[in-house]
Amino acid sequence: MPVIELRSLVKHYRNVHALQGVSITVEKGEIYSLLGKNGAGKTTIVKILLSIVRATSGEAILLGRPAGHVESRRKVGYLPEDHRFPDYHTGWSALDYYAALSGVSGAERRSRIPEMLRLVGIEESGRRKIRTYSKGMKQRLGLAQAMIHEPDVLFLDEPTDGVDPVGRKQIRDVLVHLKSQGKTIFLNSHLLSEVELISDRVGILELGKLRREGTVAEMTVEKDIYELRLEGAFDALMPEIARRVRGVRRIAGGVEVDVENAEKLNALVDYLRANRVALVGMTRKRQSLEDVFIQEVGVAGQGA
Ligand SMILES: Nc1ncnc2c1ncn2[C@@H]1O[C@H](COP(=O)(O)OP(=O)(O)O)[C@@H](O)[C@H]1O
Ligand SMILES: [Mg+2]
């Protein structure tokens, strides 16, 4: 049984067609990242799954039940986008408050709060007022809040927004740890970060439609571009090299070539060797997830 199942989900807000028939399935223990520019419909999907907003049509099933079922909601943790804690709280008192709301007993709270603060790397600041926290610390506290009642499924809306590289690494480590415990994680992001690279699958959403979906490996296929490290007077051969390949670019210590096939690549190497240029290294380039993302949605991070 999938943990999350969306079938032809449609959402219209008056005249805004926020979702235009989105189908996504997420299995238990998966980390799924939904990528897309601002306005793509990512938050709407999460809000429908948490029954904060109603779908216009289609189905949203969470843990085998229609979204909004009380039983399922208890097993879900949520870090909302732009989450703000009342800043008179300390990290500790905020977690205590949210845990109590979720029905976690006093004894459990006393052991779980320091454990959660440690897990997200802010245990030293737990007794400080939240108003003294950086954006990254607030996001990590938000992650702790989402996990405090030990949910099976986590919805994280823009968890790395405003978080520095160290904080992002910490978030990534927490997610990997949660996955190892069998939790399912659904993550929204408008700016690609390393966090998405730990995802089992990635979906690219644009204007309410799922444009592409797959594993990071599937999406970042190898390209026919090779970096050749060369020794010898190859600069003089550039015009001849250019004649033998689809594209060539001079790089430090060699050339980057775009070739149709292995035969052409070998012919080029033969030509170079015949002209006393030695091949000392070669790597095939992969398209990065960022390249794919930009191809699908335009410049990453630009708002709609
Ligand atoms: N409550 C609302 N009323 C009207 N339009 C909305 C509302 N919430 C979201 N929208 C619109 O729906 C679209 C998708 O928004 P959203 O799901 O927040 O996208 P994302 O999270 O990918 O940035 C946007 O065009 C947004 O302006
Ligand atoms: Mg959003």
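Below you will find a few notes about this structure. (Residues numbered from 1 in each chain as written. Chains lettered and ligands numbered in written order. Predicted model: local features only at pLDDT ≥ 70, side-chain atom pairs only at ≥ 80, totals over all residues.)

### So, helix α4 (residues 106-119)
- The end-to-end C-alpha distance of α4 is 20 Å, a good match for the 20 Å that 14 residues give at a rise of 1.5 Å each.
- Of all the bends in α4, the greatest, near 30°, is centred on arginine 112, and the proline proline 114 appears no more than four residues after it.
- Taken together, the buried residues of α4 touch α3 (91-101) and α5 (135-147).
- Positive backbone phi, at 75°, marks glycine 121, one or two positions downstream of α4. (Helix = DSSP H or I, 4+ residues; strand = E, 2+ residues; numbered from the N terminus. Expected span 1.5 Å × (residues − 1). Bend = angle between axes of the 7 residues up to and from the residue. Contact = placed C-beta atoms within 7 Å.)

### Comments concerning the environment of valine 163
- Its location among the elements puts valine 163 in the loop between β7 (153-157) and α6 (165-180).
- Look at valine 163 and you get buried, because 22 C-beta atoms sit within 10 Å.
- Residues valine 163 and lysine 135, spaced 28 residues apart in sequence, show a C-alpha to C-alpha distance of 6.4 Å.
- For valine 163, the residues in contact, after removing those within four places along its chain, are Lys135, Gly136, Gln139, Arg168 and Ile171. (Buried ≥ 20, exposed ≤ 12 C-beta atoms within 10 Å, placed from the backbone.)

### Observations concerning the packing of α3 against α4
- Packing of α3 against α4 brings their axes to within 10 Å, and their N-to-C directions diverge by 125°. The orientation of α3 with respect to α4, classified from their angle, is oblique. In this structure, α3 crosses over α4, and the sense of that crossing is right-handed. Taken together, the residues of α4 that come into contact with α3 (itself represented by Gly91, Trp92, Leu95, Asp96, Ala99 and Ala100) are Arg109, Arg112, Ile113, Met116 and Leu117.
- Here the residues of the contact of α3 with α4 are counted per class, giving 7 nonpolar, 1 polar and 3 charged. (Axes fitted to C-alpha atoms, helices over the stretch in contact; angles between N-to-C directions. Parallel < 35°, antiparallel > 145°, perpendicular 65-115°, else oblique. Left-handed = near helix turned anticlockwise from the far one by under 90°. Nonpolar A, V, L, I, M, F, W, Y, C, P; charged D, E, K, R; others polar.)

The values reported here are purely geometric and, on their own, carry no functional implication.
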